[in-house]
Structures are given as structure tokens and as C-alpha cells.
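Coordinate inspection notes
Below, each chain spelled out in residue letters.
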Amino acid sequence: MMFSTIKALPLNVKFHQGETATSLASRLARRNGVPSMALFVSDFGIDYLGLTNGCQEDCARLAALAGIEPAALQRSTPELVSPGWFRLGQEEIKFTAFSRTALMGCPQCLHDTMHDTDAAHFGLWQLTSIRTCATHNCHLVSLPKAPGTRDRFDFIHLISGFSPPEPQGANEHDLVFERYLRNRIEEGPGNSWLDRLPFHVAAQTCEGFGLLLTRGAKARRETTTAAQWAAAGTAGFEVLRHGPDAFRQKLKDIQRAHPIDNTLYRTRYRVFFEWLRHRDDDPQFDVIRYLVREFIFRNFPISEGSIVLGHPCPEQYVHSLSTARSRYGLSGWKLARRLASMGLAERNASGQGFVLNAYVPTAIINDIATDFDTLLNATEAGKYLGVERFMMAKLTKPGLVEKYFDEKNASPMYHPRDLDGFLGKLRARADLPQTDDLLDIATASHRVRIPTERVIEIILRNQIPLGVANHATPRFPDFRVSLDMLREVIATDHEGTVRPTRAAKILGINIRTIRSLMDTGVLKFREVEELKSGRIRRYVCAKSMEQFSKSHISVVDLAAKNERLPGVEAVIQLDRGAKPLPLDPRANMIFRRSDVL
């Protein structure tokens, strides 16, 4: 609608880009000697409530009085476009992101004004997450409380007689978040996950989560200063800008930073979790609620049916020691010792009990509960392998056969799976045809005068081929070895070490990788004097090779496992954020199994 009949007032003020309609009206009222903004606008037929809500017709009337383009005034004035939603710039923003009952102002702007009508109030300053003046980079301060409801937007009336405090400069780094919000309003949201969230959800989540990151779980929102909120907003933004995976990872980092004890998620995330609970009447926060709820369900021992953020837990995903004992009726000491054997628990400082390194997945507890019903004692395990009890002790001591409970004082118990694993290692070497010159391992060890367990280590370490007498269900006495081949290997075997070229062949990587792994300490080595040449060379420790195979994997093996080309596999893993070991540039790419599997 055009207002060509309305002429600009002879007593006028200079419009500031970004100023609201109510600010301009307040200044015009003072310039023309009218005691209040409400009285001034009513004199010119402008609806007061319409102007405070950014009504286009009322803003256009005011713009005509000020002699300016209506579009400039409209762009910086929050406009009510639907119940509870305002348009400001390129964004539609829920009313909860605004402070419309108590205005903020820049102390430096107020200090610099020559006349009381020079100062202006900007639309951005009505947003609770905008806490600084872009011109002076100082924190905004609260203006005096309005004496009545029709004075809330009368900016000049509010600052009359007000002595602003000394400006407090903002930390430059802490303005990153505000610049992001200002850019969304000026340019519109982008395409990232955070940009696709409604403005008020993005702003308040960055601040709420950032307060947890910067001030801790016990922080109090009501005592947080403007500077602390600015730092919190930037901290939260730096995480959430990278999407939901980064959000989950930071929640996990916070969990890992605290010991596993009786305190659960409410204690560890208190200030953020309590804030999110009070957003339960706003469905726009559902995406954040879902992420947090699913994280809590899958990372804390929440029992099935327990309510978290309004929804019941569908199943229990992880357990503590106490929940596993009560849920499955397991022996506490057996469960704790087994978890310690798996590296999931350790003895506490007093040595009288165990503590978890992390909550244990339900699948593992299920497996342990099943395992307990199938465990064998030493005598039973010996019969399973076809050896006497004394031989079980000899095989157990160097770790050739794993004990189910890996503690010195624990009674030796064995799982058939581990016994089969030992037999499987021998079966994997069964490449020789059965001939009369092959001897069983116990007899061969007697002939070479080396304990049986050490002979087995030499066979496995050097991958000596074996024969087998019983191909159907071979037990330990059924495996045969060539005495001549055994003696030949013993002559070059150096006390549990392997020649680097042979280590490379066994591990399926090149010799440069072996040398680089030794240089970085990933593979342990010993300096050995070779009998033939007399040279001192580095040989790889066999046990270190076993540990390496369990904890690391080459990109070639990983690609074969995932049925992809090695080059493609490398690109995929690097894009996912997996970091290969820092090795020689010409070495094979090696990943930690925990990072990629």
C-alpha cells in the first residue's frame, strides 16, 4: 500500500540500518516533543500493537513519516507472520528466541550519542542469543524496566536518565557463534544439518550444550554472565556445526571423562539435560531429543521400559556389574573376572573389587551367561584335547591355551571355544601328508630336548607344516612334525623372535612396513647376532606380532574383508575420520581395528 499523501515530518531523525520500527517511532516522538511513542503513533493513525508486531501497513506509514524506504524498516523489524512466529531478515523465528518484554542496549552506543535521539535499538538485539553490539564488539546491557506495558518498546523513554555501565569488550573467538546467527538472518540458512534446524532450536541447543562443555554439568543458567553465554554458544556451535555424529561423539567423550560409578546421565549432563527436559512442549526440539535419548539408551544401563525424555527404553543395551548380576543371576566374582580377562574391567585401587572401564554391551553379557554353562576344569579340558592334566598346565602357562579367567589366583577354567582355537592353529599348519618319518609333537620335543610348549611356540611362530593322523576330529596327540624340519628351524630361531622378512610374509605386509612398525614401537624387536654372518640385526618379537594381528589390520586385509578394492577402502575410511598409523610414506596403510571394525 502506498502512502503518497503522508509527508515526512519537518523535525526528523536519521534512520540507522538495522533499526526497528518501534525504535524509530520512539525517536521521532522525542524529536517532535511527544511524551511517549504510544501517543505519537496514535496521533498519526498507526496501530501501536501492529507496529510492535511489525505489521507492514503500520511500518509503511511510519517510514513515510521518516522519509525512508519501507523495505529497509521492514527488514529489520520482527514481523508476526503466524501465531508465535516472527520473520526477521531471511529467517522465520519462534517467539521463544526473542526477549520482547525487556530490551537490551549497547553501552558504548549510549555513551557516544550527542543527543538522546541519536541512539537506536536494533532488531537483532531482541534475540536472546545476540549479546553483543556488532559495531563496538562489546556486550549488551539490560535497559531499565518499563513502567507500563505500552512503554516496553519505547526505547528513548527507557534510556532517559539511564547511565550505562562501562562497556565490557567481548572475546573475539567467542563471537563466532553470533556471526553465524547474524549470517543466517541476513543471508538465510545454508544446507548443513545445523542450518536445517529451526533458528531457535539451533541457537538454544548450541548455547545449552556449550554451557555443559564450558562450565560443566553443575553450571547454573541463571548465574551465567553474557560473556560466559557467548563462550558457551561458540563451544556448542563448534561441535554441532559438524553434524549429529560429532554431537554423539562429544557426548561420548564426556561420558568417558568420568569413571564408571553409580552416577548416570542426569549427573554427567545435568545442565544440558535439564534444559532439554523443559523443551518437551516444543516439537521443534524432537530431533535433538531423539539424538540425546538414543545416545542415553545405548550408552547407559537403562532398563527396558524406563522413561527418558518422554519415551520408554525399548531394550537394555548395556549393563553395569550390578545390573548384569541382578538381571542374569550371575556370580559377581566370576562375571568381574571374566570382564577383566576381556579388558573391560580392572581391579580397583584397594584390590578388593573390580571396576568397569565402560558399560558392557548386553550381547557380551548374554555370551558370558551362556559361557558359564559350558566351562571345563583342567581335567575336563585335558580330556577334550587328549592330554593329561600336567600337560594342560604346560600349555596354559605360556598362553598357548587361554584360561577363561585370566587371573593368577583364579581356578583354571576353559571354554571349548578357546580349546578349539588352539587346535585350529595346529590344524591350519596341517599341510604335510602322513608319513612314517613324522613324529607326534611330544615325542619330537623329547628328541630335540626342548619343552613341548616351546616346541609348539616355535611351530606356530615359524609356521612349520604339520601332518595329522586323524583328519576327522584331530586332537593334540594326532598332530605330527618332521624332526629334520624342526631341527633346521630351531637352528635359526632366536628365542622368540622372527626374521623381518619372514614377519612380513606372516603378517601379509611389506618389509618397509615391518621396519617402520619397529621404528615407531608398534612391533617390539630384539637385536640378534646372526650365526652365519655375525651381523647384529633387529628381529621381530613373535608375541608382539600376535598382539599386532589382534589390534591392527592392513588396508589390504580390510578391503578383502569388505569386498572392496584397497584404494577405495582407504578413501572410505579416511572420509569416515579413521586415522592410519603414522608410518613411512612407502609403508602399507595400517589401521587400528577398533577404529574401522
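Each remark here, short or long, concerns the structure printed above.
Let us look at the overall build of the protein chain. Along its length, the protein chain carries 30 helices and 21 strands. Its C-alpha atoms give the protein chain a radius of gyration of 37 Å, clearly above 25 Å, the size a compact globule of 597 residues would have. Projecting the C-alpha coordinates of the protein chain onto the three principal axes gives extents of approximately 120 × 55 × 40 Å. The buried share among the 597 residues of the protein chain stands at 47%. Long-range contacts, defined here as pairs at least 24 residues apart, represent 61% of the contacts in the protein chain between residues at least 6 apart. For the protein chain, the accessible surface area stands at approximately 30,400 Å², while carbon and sulfur atoms represent 50% of it. Charge separation in the protein chain, taken as the distance between the mean sites of 78 positive and 68 negative side-chain charges, equals 5 Å.

In a packed pair of helices, the relevant descriptors are the angle between the two axes and the axis-to-axis distance. For the pair helix α10 (residues 199–215) and helix α12 (residues 244–256), the least separation of the axes is 12 Å and the interaxial angle reads 30°. Relative to α12, α10 is oriented roughly parallel. In this structure, α10 meets α12 at a crossing whose hand is left-handed. Here α10 contributes Phe209, Leu212 and Leu213 to the contact with α12, which in turn contributes Phe247, Lys250, Leu251 and Ile254. Classifying every residue of the contact of α10 with α12 by side-chain character gives six nonpolar, no polar and one charged.

Spatially, three strands are ordered β1-β2-β3 in an open sheet, and the strand pairing comes out antiparallel. Strands at the two margins of the open sheet, each flanked by one partner only, are β1 (79–82) and β3 (91–94). With direction set aside, neighbouring strand axes in the sheet form an average angle of 40°. As paired elements, β1 and strand β2 (residues 85–88) share three bridges and run antiparallel to each other. Looking across to β2, one finds that Ser82 is bridged to Trp85.

Bringing the side chain of Ser76 into the picture now. Take Ser76: it is sitting in the loop between α5 (70–75) and β1. A distance of 3.4 Å separates the side chain of Ser76 from the backbone oxygen of Ala72, its partner in a polar contact. Among residues more than four places away in sequence, those in contact with Ser76 are Phe15, Gly18, Glu19, Thr20, Leu88 and Gly123.

Of the positions making up helix α22 (residues 441–448), those classed as buried are Ile441, Ala444, Ser445 and Val448. Seen end-on, α22 carries its buried residues on one side only, within an arc spanning 100°. The backbone nitrogen of Ala442 lies 3.2 Å from a side-chain oxygen of the residue at the head of α22, namely Asp440. Phi turns positive one or two residues past the end of α22, at Arg449, with a value near 60°.

Before going further, it helps to examine the layout of surface pockets. By volume, the largest pocket is sized at about 1,500 Å³. Taken together, 46 residues line the largest pocket, and the ones lying closest to its centre are Gly399, Lys425, Glu546, Gln547 and Lys550. Within the residue set of the lining of the largest pocket, elements represented by two or more residues are α17 (332–341), α21 (416–427), α23 (452–462), α25 (500–507), α27 (542–551) and β20 (552–554). The biggest single contributor to the lining of the largest pocket is α27, with eight residues.

On to the nonpolar core. Of all hydrophobic cores here, the largest spans 80 residues; its most connected members are Leu127, Leu194, Phe247, Tyr269 and Ile288. Counting residues per element, this core draws most heavily on α10, which supplies eight residues. Each residue touching Leu194, except ones within four places of it in the same chain, is listed here: Tyr180, Arg184, Ala202, Cys206, Phe237, Leu240 and Arg241. Of all hydrophobic cores here, the second largest spans 33 residues; its members include Tyr414, Leu423, Val468 and Phe476.

Turning to unusual backbone geometry, a few remarks are in order. Phi is positive for Gln463, which is not a glycine, with a value near 55°. Position of Gln463 among the secondary structure elements: in the loop between α23 and β15 (467–468). Positive phi, normally seen in glycine, also occurs at Glu563, with a value near 55°. Looking at the secondary structure, you find Glu563 in the loop between α28 (555–562) and α29 (566–575).

This paragraph deals with the pattern of salt bridges. Summed over all chains, the structure comprises 19 salt bridges. The residue Glu238 makes a salt bridge to Arg241 at a minimum N-O spacing of 2.9 Å. The partner of Glu569 in a salt bridge is Arg564, and the shortest N-O contact between them spans 2.7 Å. The exposure class assigned to Arg564 is partly exposed, which follows from its relative accessible area of 28%. Several salt bridges share partner residues, and in doing so they unite Glu79, Arg87 and Glu92 into one network.

Turning our eyes to something else, we now look at the sheet that holds strand β17 (residues 497–498). The antiparallel open sheet is built from three strands, whose spatial order is β17-β19-β18. The sheet is open, and its two edges are formed by β17 and β18 (525–529), each paired on a single side. Where β17 and strand β19 (residues 536–541) come together, two bridges link them in antiparallel fashion. Counted as the bridge partner of Val498 is Val540 from β19. Most of the contacts of helix α26 (residues 511–519) go to β19, to which it runs at about 85°, and overall it touches β18 and β19. Together, β17 and β19 form the strand contacts of α27, whose direction differs from that of β19 by roughly 45°.

Rules behind the numbers
- Residues numbered from 1 in each chain as written.
- Predicted model: local features only at pLDDT ≥ 70, side-chain atom pairs only at ≥ 80, totals over all residues.
- Heavy atoms only, no water.
- Helix = DSSP H or I, 4+ residues; strand = E, 2+ residues; numbered from the N terminus.
- Rg over C-alpha atoms; globule rule 2.2 N^0.38 Å.
- Buried < 20%, exposed > 50% of the residue type's maximum accessible area, 1.4 Å probe, protein only.
- Contact = heavy atoms within 4.5 Å.
- Areas by Shrake-Rupley, 256 points an atom, 1.4 Å probe, with all protein chains shown as cover.
- Lys, Arg positive; Asp, Glu negative; His and termini not counted.
- Charge placed at Lys NZ, Arg CZ, Asp CG, Glu CD.
- Axes fitted to C-alpha atoms, helices over the stretch in contact; angles between N-to-C directions.
- Parallel < 35°, antiparallel > 145°, perpendicular 65-115°, else oblique.
- Left-handed = near helix turned anticlockwise from the far one by under 90°.
- Nonpolar A, V, L, I, M, F, W, Y, C, P; charged D, E, K, R; others polar.
- Pairing = 2+ DSSP bridges.
- Polar contact = N/O pair within 3.5 Å; in protein donor to acceptor, adjacent residues only side chain to side chain.
- Arc of directions from axis to C-beta.
- 1 Å grid on protein atoms, 1.4 Å probe; cavity = no way out; pocket = protein on both sides within 12 Å on 5 of 7 lines; lining within 4 Å.
- Points joined across faces, edges and corners; volume = space filled by probe spheres on them.
- Core = buried A, V, L, I, M, F, W, Y, C linked by side-chain atoms within 4.5 Å.
- Salt bridge = Lys/Arg side-chain N within 4 Å of Asp/Glu carboxyl O.

On their own, these measurements won't tell you what the molecule is for.
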